[in-house]
Amino acid sequence: MDDRLWVSSEQVVALVADQFPQWADMPVRPVDHGGWDNRSFRLGETMLVRMPSAARYVPQIEKEHVWLPKLASALPVPIPVPLVRGEPGEGYPYPWSIYAWLEGEPLVQCLGRIDLSVLAEDVASFLIALHAIDASKGPPAGDHNFHRGGSLSVYDDEARLAMLAVEDEVDPTLAREVWELALSSHWQEKPVWVHGDIAEGNLLVSNDRLAAVIDFGSSGVGDPSSDLILAWNVLDHESRAVFRTALGLSEAVWQRGRGWALWKALITLAAHRDRNGALAEWSRRTIRHVFEDHLVQRYS
């Protein structure tokens, strides 16, 4: 069940006018593809209002205000930087934020034309820079970021239930093999910063190159394997190899990355195959790519 709040443009106009009157005369309009965790609105031409859509997303507010300004200067492309923090009001129950607007077209809108190998190099460069930032005081994986950077075992029961739900179309033996291999190892090095949701909607493109990375709500520190899902839900065989070579991570990390990709695709397919054809096909394609890549590594 979708329990997220709906937020109207009128509420945003009233909140801005009350709490930040210097921007009261700026137009407000909803953002297309505004994300799941937040309701997003364009404020004028240079700002973005982001409002958590449920209580479980509220911890992201404090985290982003503390950490994003510190991360931004070390990264090769822009990321969101919060300008101000708003408080509950006008019938909206949670804190919220205003950010500087970042230009670019969401990757999901230009997948047919972009060179995936170039994209793979650009995203790898971003992740290498992110993983290199001192993570010693960063927030460990937990509920605040849905355990991105943490252990996949948190989702073991959920993944196995999803396997049973879709076993009529997804090879359950192969799914369990990929999953159990992913669970068999752990990150042995110092925790690194992870974005947590390197996905088609969170990568902005300009002139067919990576222009910005947005939505750090799932960020934290830990195991980088959760940042690899793009390899199977967007990239093809050739660009996946480019991505893997550029990142230089071990086979165990890639095995866990396949596990993250498989978990997300399985639960999405189980939830949506009878009601959302696009999401179901996205899931099936991701699972095919995970299985193909796993088999290549098994027999190499």
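The preceding data block contains the structure.
Here the structure is a predicted model, which is why all the values come from computation and not from measurement.

On a plain count of helices and strands, the protein chain comes out with nine helices and ten strands. Relative to a compact globule of 300 residues, whose C-alpha radius of gyration would be 19 Å, the protein chain shows 19 Å and is just as compact. For the protein chain, the C-alpha atoms occupy an extent of roughly 65 × 40 × 40 Å along the three principal directions. Considering only intrachain contacts with a sequence separation of at least 6, the fraction spanning at least 24 residues in the protein chain is 69%.

Attention now moves to unusual backbone geometry. One non-glycine residue with positive phi stands out, namely His 147, at about 65 degrees. Inspection of the secondary structure puts His 147 in the loop between α3 (116-132) and α4 (156-165).

Bringing the side chain of Asp 215 into the picture now. With respect to the secondary-structure elements, Asp 215 resides in the loop between β9 (209-213) and β10 (220-222). One polar contact links Asp 215 to Arg 50, side chain to side chain, over a distance of 3.3 Å. A polar atom in the side chain of Asp 215 sits 3.3 Å from the backbone nitrogen of Gly 217. In this view, Asp 215 contacts Arg 50, Pro 80, His 195 and Asn 202; residues no more than four positions away in its chain are not counted.

Let us look at the pairing of strand β5 (residues 96-100). Within β5, four of the five residues are buried, leaving the element largely enclosed by the surrounding structure. Inspection of the sheet shows strand β3 (residues 47-52) paired to β5 by four bridges, in the antiparallel sense. When the sheet's bridge partners are listed, Val 49 is paired in β5 with Ile 98. Relative to β5, strand β4 (residues 82-86) runs antiparallel, the two sharing four bridges. From the neighbouring strand, Gly 86 faces β5, where its bridge partner is Trp 96.

This paragraph deals with the nonpolar core. Core analysis: the largest hydrophobic core is formed by 65 residues, its most contacted members being Leu 71, Leu 107, Val 123, Phe 126, Phe 243, Leu 262 and Phe 291. Contact partners of Leu 107, with chain neighbours within four places excluded, come to Ile 114, Leu 119, Glu 200, Leu 203, Val 205, Leu 230 and Val 234. Val 12, Leu 15, Val 28 and Met 47 belong to the second largest nonpolar core, which has 16 residues in total.

Let's shift gears to the sheet that holds strand β2 (residues 38-43). With respect to topology, five strands assemble into an open sheet ordered β1-β2-β3-β5-β4, the strand pairing being antiparallel. With one partner strand each, in any of the chains shown, β1 (28-30) and β4 form the two edges of the open sheet. Looking at each pair of strands side by side, their axes are set apart by 25 degrees on average, direction ignored. Where β2 and β3 come together, six bridges link them in antiparallel fashion. Directly across from Arg 39, in β3, lies its bridge partner Met 51. Along the sheet, helix α1 (residues 9-19) contacts β1, β2, β3, β4 and β5; its crossing angle with β1, the most-contacted strand, is approximately 140 degrees. Across the sheet, helix α2 (residues 59-72) is in contact with β2, β3, β4 and β5; its angle to β4 comes to roughly 155 degrees.

This part covers the packing of aromatic side chains. Overall, the coordinates contain ten aromatic pairs when judged by the stated rule. Cluster of aromatic residues (ring-pair linked, three or more members): Phe 20, Trp 23 and Trp 96. Here the basic side chain of Arg 42 rests over the ring of Trp 101, its NZ or CZ set 3.8 Å away from the ring centre.

Over its twelve residues, helix α5 (residues 172-183) extends 16 Å from the first C-alpha to the last, a length consistent with the 16 Å expected when each residue adds 1.5 Å. Where α5 is buried, its residues meet α4, α8 (251-272) and α9 (277-299). Put simply, Asp 171 is the residue that caps the front of α5, since its side-chain oxygen is 2.9 Å from the backbone nitrogen of Thr 173.

Cut-offs applied
Residues numbered from 1 in each chain as written. Predicted model: local features only at pLDDT ≥ 70, side-chain atom pairs only at ≥ 80, totals over all residues. Heavy atoms only, no water. Helix = DSSP H or I, 4+ residues; strand = E, 2+ residues; numbered from the N terminus. Rg over C-alpha atoms; globule rule 2.2 N^0.38 Å. Contact = heavy atoms within 4.5 Å. Polar contact = N/O pair within 3.5 Å; in protein donor to acceptor, adjacent residues only side chain to side chain. Buried < 20%, exposed > 50% of the residue type's maximum accessible area, 1.4 Å probe, protein only. Pairing = 2+ DSSP bridges. Core = buried A, V, L, I, M, F, W, Y, C linked by side-chain atoms within 4.5 Å. Axes fitted to C-alpha atoms, helices over the stretch in contact; angles between N-to-C directions. Phe/Tyr/Trp six-rings, centres within 6.5 Å; stacked < 30°, edge-to-face > 60°. Lys NZ or Arg CZ within 6 Å of the ring centre and 35° of its normal. Expected span 1.5 Å × (residues − 1).

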